Amino acid sequence: MENFKAAFRSGHDLQQAMDALRKQGVVDLQIEPGAETPHSAPASLLDDGLSHSSIAESPGCLLQVVVESSRIRQAEDTVTRFGGSIG
């Protein structure tokens, strides 16, 4: 298993990336909301821990992606295609 974090400025871009990553079969997705909600704990998104509307309203978020080692490059490419910055 591999994991990485990606920053998104747009909730819309984040949502598109998450949808594409789910279709690719990532192991887990966790979101850390922007600075406006520092006390929010990360929530797993594979079990729809957060609603799509709350994500779209986020000013900026970090997305943690957990993926099989053989698929990490594909996941990273997907994130960058939708405007994510891998850190």
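Residues numbered from 1 in each chain as written. Predicted model: local features only at pLDDT ≥ 70, side-chain atom pairs only at ≥ 80, totals over all residues. Heavy atoms only, no water.

(A) Molecular detail of the packing of helix α1 (residues 11–24) against helix α3 (residues 72–81). It is the contact of α1 with α3, at a shortest axis distance of 9 Å, that shows an interaxial angle of 160°. The pairing of α1 with α3 is recorded here as roughly antiparallel in orientation. In the packing of α1 onto α3, the handedness of the crossing is right-handed. On α3, the residues touching Ala17, Ala20, Leu21 and Gln24 of α1 are Gln74, Ala75, Thr78, Val79 and Arg81. Grouping the constituent residues of the contact of α1 with α3 by class yields 5 nonpolar, 3 polar and 1 charged. (Axes fitted to C-alpha atoms, helices over the stretch in contact; angles between N-to-C directions. Helix = DSSP H or I, 4+ residues; strand = E, 2+ residues; numbered from the N terminus. Parallel < 35°, antiparallel > 145°, perpendicular 65-115°, else oblique. Left-handed = near helix turned anticlockwise from the far one by under 90°. Contact = heavy atoms within 4.5 Å. Nonpolar A, V, L, I, M, F, W, Y, C, P; charged D, E, K, R; others polar.)

(B) Inspection of α3 at higher detail. Those residues of α3 lying buried are Ile72, Ala75, Glu76, Thr78 and Val79. Taken down its axis, α3 places every buried residue within 160° of arc, on the same side. Exposed residues on α3 whose side chains face more than 90 degrees from its buried face are Arg73 and Arg81. At its buried positions, α3 is contacted by β1 (2–8), α1, β4 (61–67) and β5 (85–86). Positive phi shows up at Gly83, right after α3, with a value of about 90°. (Buried < 20%, exposed > 50% of the residue type's maximum accessible area, 1.4 Å probe, protein only. Arc of directions from axis to C-beta.)

(C) Molecular detail of the pairing of β4. Taken across its 7 residues, β4 has 5 buried, putting it largely inside the fold. Bridge analysis of β1 against β4 gives 7 bridges, and the strand direction is antiparallel. Following the sheet pairing, Glu2 is matched in β4 by Val67. The sheet contact formed by strand β2 (residues 28–32) and β4 spans 5 bridges and is antiparallel. Its bridge partner lying in β4, Leu29 is registered against Val65. (Pairing = 2+ DSSP bridges.)

(D) Main features of the nonpolar core. Counting 17 residues, the largest nonpolar core has Phe8, Leu14, Leu21, Leu29, Leu63 and Val65 as its most contacted members. Where this core is concerned, the elements lending two or more residues are β1, α1, β2, β4 and α3. (Core = buried A, V, L, I, M, F, W, Y, C linked by side-chain atoms within 4.5 Å.)

(E) Representation of the environment of Arg9. Note on placement: Arg9 falls in the loop between β1 and α1. The sequence separation of Arg9 and Cys61 amounts to 52 residues, and the corresponding C-alpha distance is 6.8 Å.

(F) Main features of the confidence of the model for the protein chain. When pLDDT is averaged along the protein chain, the result is 80, and 70% of the positions lie at 70 or above. For the protein chain, the element scoring lowest by mean pLDDT is helix α2 (residues 52–56), at 47; α3 scores highest, at 97. Below pLDDT 50 for its whole length, residues 35–43 participates in 10 contacts with residues either more than four positions away or in separate chains. (pLDDT = per-residue confidence, 0-100.)

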